[in-house]
Amino acid sequence: MIIKRFALTPFQQNTRVVSCVATRAAICIDPGEASSEIVEYINANELRLQAIALTHGHLDHVGGTRPLRGSFPDAEIILHRDDEDLYYGLPQQPLFMGIQPHQMESMGLKYDEPLLLTRNWEHGETYALGDLRFEVRHCPGHTRGHVIFAELSQKKVFVGDCLFEGSIGRTDLPGGSSEQLLRSITDQILSLDDDFVVYSGHGRETTVGRERLANPFLNGAYESGIGRFI
Ligand SMILES: [Fe+2]
């Protein structure tokens, strides 16, 4: 597996192009905004983009879907059905994040009408990318339709905005629930082995083991009050 990261949007979202070494098949996970760098990377490495794989429907994760699909018209666009309202409401999303209409253009957050999804993720499905196999796991809590992609043989998991190094996703936006998020993280991420590498939607990479041990939202420290001091 080759993973190439591009930090995009004012939110420094980690867009990634993930490809199979043997077959050159690739997916782009969460294209945050239009990026000629991504198009050039795919073309220069002779990759075949088979899908735009969306973890969830927030603007900093889906904003580049339309322009990227324009360059690679054969690519599928896949999202869980429970985030379709966010995805199709993309042009209005900045408003409910508190961004005013006159700020949208200067922040690069003005969007055309989203393209139709080609299909939805199903919890438990196995997504084939050349020789790689990703298990798709529904992880609601940050949004209703958030999914993660776990490649079990290479022990890598792409978690979007569910889990970050030392933190967890925000739950104050529409569809968010902290109880649900903690349950999703426990059931779907912490059930993986400690040596799984965790690729988050923002910030640095981490591992399941490190977060299990040191993440104050997951090790009980926050709940007991100690989390405020470490
Ligand atoms: Fe998000």
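Residues numbered from 1 in each chain as written. Predicted model: local features only at pLDDT ≥ 70, side-chain atom pairs only at ≥ 80, totals over all residues. Heavy atoms only, no water.

Caption draft 1: Spotlight on the coordination of the iron ion. Distances from the iron ion to its protein donors, namely H56 (NE2), H58 (ND1), H142 (NE2) and D161 (OD), fall within the range 2.2 to 2.3 Å. Considering all 4 donor atoms around the iron ion, the spread of angles at the metal, 85 to 171°, places the coordination shape in the irregular class. Here the donor residues for the iron ion map to a single chain with the spacing H-x1-H-x83-H-x18-D. (Donors = N, O, S within 2.8 Å, 3.2 Å for Na, K, Ca; no water. Tetrahedral: all angles 85-135°; square planar, octahedral: opposite > 155°, others 65-115°.)

Caption draft 2: Region of the structure containing the pairing of strand β9 (residues 156-160). Where burial is concerned, most of β9 is hidden: 5 out of the 5 residues are buried. Strand direction decides the pairing type here: strand β8 (residues 147-151) and β9, joined by 3 bridges, are antiparallel. Within β9, the residue paired with E151 across the bridge is K156. Adjacent in sequence and paired antiparallel, β8 and β9 are bridged by 4 residues, among which K155 carries a positive phi angle near 55°. Where β9 lies against strand β12 (residues 197-200), 4 bridges are found, and the strand directions are parallel. Note that in β12 the partner of F158 across the bridge is Y199. (Buried < 20%, exposed > 50% of the residue type's maximum accessible area, 1.4 Å probe, protein only. Helix = DSSP H or I, 4+ residues; strand = E, 2+ residues; numbered from the N terminus. Pairing = 2+ DSSP bridges.)

Caption draft 3: Fine view of empty space enclosed by the protein. Here the structure, examined in full by the defined rule, presents 1 cavity of 30 Å³ or more. Here the largest cavity defines a volume of roughly 50 Å³. As for the largest cavity, its lining consists of Q13, N14, R16, I29, D30, T55, F158, V159, G160, Y199, S200 and G201. Here the lining of the largest cavity is built from residues that sort into 4 nonpolar, 6 polar and 2 charged. (1 Å grid on protein atoms, 1.4 Å probe; cavity = no way out; pocket = protein on both sides within 12 Å on 5 of 7 lines; lining within 4 Å. Points joined across faces, edges and corners; volume = space filled by probe spheres on them. Nonpolar A, V, L, I, M, F, W, Y, C, P; charged D, E, K, R; others polar.)

Caption draft 4: Region of interest: the sheet that holds strand β7 (residues 132-138). If you walk across this open sheet you meet the 6 strands as β6-β7-β8-β9-β12-β13, and the pairing is mixed. Of all strands in the sheet, those bounded by a partner on one side alone are β6 (126-129) and β13 (206-207). Summarising the sheet, β12 and β13 pair through 2 bridges and their orientation is antiparallel. Among the inter-strand pairings, V197 is bridged to a residue of β13, identified as T207.

Caption draft 5: Local environment of the side chain of S35. When you line up the elements, S35 lands in the loop between β3 (25-29) and α1 (36-44). A polar atom in the side chain of S35 sits 3.2 Å from the backbone nitrogen of I38. (Polar contact = N/O pair within 3.5 Å; in protein donor to acceptor, adjacent residues only side chain to side chain.)

Caption draft 6: Broad picture of the sheet that holds strand β2 (residues 13-19). Strand order across the open sheet formed by 5 strands is β1-β2-β3-β4-β5, with mixed pairing between neighbours. Each edge of the open sheet carries a strand with a single partner, namely β1 (2-8) and β5 (76-78). Along the sheet, successive strands turn relative to each other by an average axial angle of 20°, direction set aside. Pairing geometry for β2 and β3, over 4 bridges, is antiparallel. In the strand pairing of β3, V17 is matched with C28. Along the sheet, α1 makes contact with β1, β2 and β4 (48-53), crossing β1 at roughly 165°. (Axes fitted to C-alpha atoms, helices over the stretch in contact; angles between N-to-C directions. Contact = heavy atoms within 4.5 Å.)

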